[in-house]
Amino acid sequence: MGKIAVLGAGSWGTALALVLADNKHDVRLWTHREEQAQEINKTHRNGRYLKNIQLPNNVVAFSNMSEAIEDVTAVVLVVPTKAIREVSIQLKDTLNHPVTLIHATKGLEPDSLKRVSEMIEEEIPPALYGNVVVLSGPSHAEEVGERHPTTVTVSSKDIEKAKKAQDLFINENFRVYTNPDIVGVELGGALKNIIALGAGISDGLDYGDNAKAALITRGLAEIARLGTSMGANPLTFAGLTGVGDLIVTCTSPHSRNWRAGNMLGKGYDLDEVLEQMGMVVEGVRTTKAAYQLATSQNIEMPITSGIHKVLFNQEKAKDVVDQLMTRGKRHEMEDLSSILGDRFTY
Ligand SMILES: NC(=O)C1=CN([C@@H]2O[C@H](COP(=O)(O)OP(=O)(O)OC[C@H]3O[C@@H](n4cnc5c(N)ncnc54)[C@H](OP(=O)(O)O)[C@@H]3O)[C@@H](O)[C@H]2O)C=CC1
Ligand SMILES: O=C(CO)COP(=O)(O)O
């Protein structure tokens with residue numbers, strides 16, 4: 001078994017470190033906070049982000065990146081999207097040998113409109129890792145920490161790299177599939193957070209199960225619409241990183257995006273919500289990026305546009321739902337008819 005560095009000691013980095021440790025790897029969990037590294041090494045717990053989980057002894061925390069990545073064969077980058085460029089630059093300045101590079105971050109960058117693997121490729125010369133691998137899918141850190149059955153997908157432009165990552169992570173509790181469609185895998189993981197905000201808002205307004213099912217299903221339709229226009233395979237959105245992650249994020253109080261939406265639905269304002277969360281709510285910045293993408297590519301994304309109005313234009317969630325419900329009439333399978341042709345045109 002090899003030495004692996006996990007960069008980012010939030011909820012997800014800590015849970016992934018546990019999976020790798022269960023697979024008998026020598027795991028080096030890097031945090032930018034010295035006091036957090038000391039706490040993890042002393043107590044074998046990450047009190048702020050995953051307090052109920054006891055970490056195995058083969059997870060060792062570091063606050064010095066060059067010590068954390070010394071002689072590692074793989075690096076797992078798992079910080080919020082906002083920090084990806086900064087941590088990638090630190091990694092580029094520190095790394096002096098080739099590694100398998102995996103990221104597990106779910107987001108899109110506003111303005112540049114880049115996916116996370118594209119951001120990494122812009123900051124770290126691909127000569128050091130070949131092609132980036134993304135790990136994504138329905139996986140709350142709290143449940144992975146409890147070793148509950150979980151399934152995820154790894155994807156890369158180089159499928160051999162994805163298979164390497166599959167071998168590092170797979171075990172009896174954590175089943176890992178491969179998928180060659182990195183565009184679809186990354187977009188599914190990023191865009192579902194917008195819909196999870198919407199599901200939380202709907203629950204905050206006490207709109208019940210019908211409304212939430214509508215958001216998940218029509219949310220999937222608009223995710224697939226944007227994704228296919230960007231080159232993704234539409235079938236990826238029917239998989240773990242599409243509908244799978246939508247279900248887990250839109251229906252669970254573990255989800256920070258759902259919880260943030262829930263507070264918005266109950267009438268709190270965005271700044272208050274983010275302050276109370278104390279953890280990353282990726283859907284907020286991703287809504288901005290997806291709205292910019294949809295506008296620039298002329299793709300219809302009514303739910304995303306509605307959530308954009310609630311987050312950034314101070315429109316009332318209830319009014320936005322009313323607007324969504326009274327839009328012009330549509331054919332449910334419009335997207336399929338353009339992909340599959342005559343059989344779906346009626
Ligand atoms: N939690 C989950 O269940 C899952 C999360 N993800 C994704 O994983 C990514 C990370 O999320 P998650 O771990 O949950 O987030 P958390 O909010 O739990 O933790 C974020 C971590 O990143 C650290 N961080 C922030 N900025 C920097 C920086 N500039 N340099 C170094 N470290 C930094 C934070 O440090 P500090 O304490 O100092 O702020 C904190 O340790 C997100 O994209 C999320 O969508 C994916 C699947 C599941
Ligand atoms: O991506 C996740 C589960 O798959 C976690 O979602 P949240 O960031 O909303 O908690």
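Rules of the game
Residues numbered from 1 in each chain as written. Chains lettered and ligands numbered in written order. Predicted model: local features only at pLDDT ≥ 70, side-chain atom pairs only at ≥ 80, totals over all residues. UniProt positions renumbered as here; feature names shortened; annotations may be inferred. Helix = DSSP H or I, 4+ residues; strand = E, 2+ residues; numbered from the N terminus. Rg over C-alpha atoms; globule rule 2.2 N^0.38 Å. Buried ≥ 20, exposed ≤ 12 C-beta atoms within 10 Å, placed from the backbone. Contact = placed C-beta atoms within 7 Å. Near = placed C-beta within 6 Å. Nonpolar A, V, L, I, M, F, W, Y, C, P; charged D, E, K, R; others polar. Domains from an automatic or database assignment. Pairing = 2+ DSSP bridges. Right-handed = clockwise from strand over helix to strand, strands pointing away. Core = buried A, V, L, I, M, F, W, Y, C linked by C-beta atoms within 7 Å. Arc of directions from axis to C-beta.

- Under an unreviewed UniProt entry, the name given to the protein chain is Glycerol-3-phosphate dehydrogenase [NAD(P)+], and the source organism is Salirhabdus euzebyi.
- Taken from UniProt, the Pathway (unreviewed entry) comment for the protein chain reads in full: "Membrane lipid metabolism; glycerophospholipid metabolism."
- Taken verbatim from the UniProt record of the protein chain, the Subcellular location (unreviewed entry) comment is "Cytoplasm".

### A few points about the overall build of the protein chain
Turning to step 1, where the next piece is worked out: Secondary structure summary: the protein chain contains 16 helices and eight strands in total.
Turning to step 2, where the next piece is worked out: In summary, the protein chain has a C-alpha radius of gyration of 20 Å against a globular reference of 20 Å for 346 residues, a match within 12%.
Turning to step 3, where the next piece is worked out: With the principal axes as the frame, the protein chain shows a C-alpha extent of 60 × 45 × 35 Å.
Turning to step 4, where the next piece is worked out: Taken across its 346 residues, the protein chain has 51% of its residues classed as buried.
Turning to step 5, where the next piece is worked out: Residue pairs in contact within the protein chain that sit at least 24 positions apart in sequence constitute 72% of those at least 6 positions apart.

### Comments concerning the site of ligand 1
Turning to step 1, where the next piece is worked out: Looking at ligand 1, there are 27 residues lining it, with Gly-10, Trp-12, Ala-83, Ala-141 and Met-279 nearest.
Turning to step 2, where the next piece is worked out: For the shell around ligand 1, the elements supplying multiple residues, two or more each, are helix H1 (11-22) and helix H4 (81-94).
Turning to step 3, where the next piece is worked out: For the shell around ligand 1, the leading source of residues is H4, giving four residues.
Turning to step 4, where the next piece is worked out: Residues belonging to the shell around ligand 1 are distributed by class as follows: 12 nonpolar, 11 polar and four charged.
Turning to step 5, where the next piece is worked out: Formed jointly, the shell around ligand 1 draws a minimum of three residues from each of two domains, domain 1 (3-180) and domain 2 (183-344).

### Thoughts on the pairing of strand E7 (residues 150-156)
Turning to step 1, where the next piece is worked out: Taken across its seven residues, E7 has six buried, putting it largely inside the fold.
Turning to step 2, where the next piece is worked out: Examined bridge by bridge, strand E6 (residues 133-136) and E7 share four bridges and lie antiparallel to one another. Within E7, the position partnered with Leu-135 by the bridge is Val-154.
Turning to step 3, where the next piece is worked out: Of the strand pairs in this sheet, E7 and strand E8 (residues 174-178) are connected by five bridges, and their pairing is parallel. Directly across from Val-154, in E8, lies its bridge partner Thr-178.
Turning to step 4, where the next piece is worked out: Handedness of the crossover joining E7 and E8 through helix H7 (residues 159-169): right-handed.

### Thoughts on the site of ligand 2
Turning to step 1, where the next piece is worked out: Every one of the 13 residues lining ligand 2 counts as a neighbour, but Ser-139, Thr-249, Ser-255, Arg-256 and Asn-257 are closest to it.
Turning to step 2, where the next piece is worked out: Where the shell around ligand 2 is concerned, the elements lending two or more residues are helix H8 (182-204), helix H10 (240-250) and helix H11 (256-265).
Turning to step 3, where the next piece is worked out: The element contributing the most residues to the shell around ligand 2 is H10, with three residues.
Turning to step 4, where the next piece is worked out: A breakdown of the residues in the shell around ligand 2 according to their chemical character gives three nonpolar, six polar and four charged.
Turning to step 5, where the next piece is worked out: Formed jointly, the shell around ligand 2 draws a minimum of three residues from each of two domains, domain 1 (3-180) and domain 2 (183-344).

### Side note on the UniProt feature "active site" (unreviewed entry) in the protein chain
Turning to step 1, where the next piece is worked out: Per the UniProt annotation, the sites labelled "active site" (unreviewed entry) are Lys-192.
Turning to step 2, where the next piece is worked out: With respect to the secondary-structure elements, Lys-192 resides in helix H8.
Turning to step 3, where the next piece is worked out: Of the residues examined, Lys-192 has 34 C-beta atoms within 10 Å and is grouped as buried.
Turning to step 4, where the next piece is worked out: Sequence-distant contacts of Lys-192, that is, excluding residues within four places in its chain, are made with Ile-223, Asp-245, Leu-246 and Thr-249.

### Overview of the nonpolar core
Turning to step 1, where the next piece is worked out: Grouped together as the largest cluster of nonpolar side chains are 63 residues, with contacts concentrated most on Val-6, Leu-7, Leu-16, Ala-17, Val-75 and Val-76.
Turning to step 2, where the next piece is worked out: If one sorts the elements of this core by residue count, H1 sits on top with eight residues.
Turning to step 3, where the next piece is worked out: Apart from residues no more than four positions distant in its own chain, Val-76 is found in contact with Ile-4, Val-6, Leu-7, Leu-16, Ile-102 and Ala-104.
Turning to step 4, where the next piece is worked out: Membership of the second largest hydrophobic core comes to 40 residues, among which are Leu-187, Ala-190, Leu-264 and Tyr-291.

### Some details on H11
Turning to step 1, where the next piece is worked out: Of all 10 residues that make up H11, nine are buried, and the element is covered over most of its length.
Turning to step 2, where the next piece is worked out: Buried within H11 we find Arg-256, Asn-257, Trp-258, Arg-259, Ala-260, Gly-261, Asn-262, Leu-264 and Gly-265.
Turning to step 3, where the next piece is worked out: The inward-facing, buried residues of H11 abut H8, H10, helix H12 (270-277), helix H13 (282-297), helix H14 (302-312) and helix H15 (317-325).
Turning to step 4, where the next piece is worked out: Looking one or two places after H11, you find Gly-267, whose phi comes out positive at around 105 degrees.

### Considerations on H15
Turning to step 1, where the next piece is worked out: Taken together, the buried positions of H15 are Ala-317, Val-320 and Val-321. When H15 is viewed along its axis, its buried side chains cluster within an angular range of 100 degrees and face the same direction. Turned more than 90 degrees away from the buried face of H15, the exposed residues are Asp-319 and Asp-322.
Turning to step 2, where the next piece is worked out: Packing partners of the buried residues in H15 comprise H8, H11 and H14.

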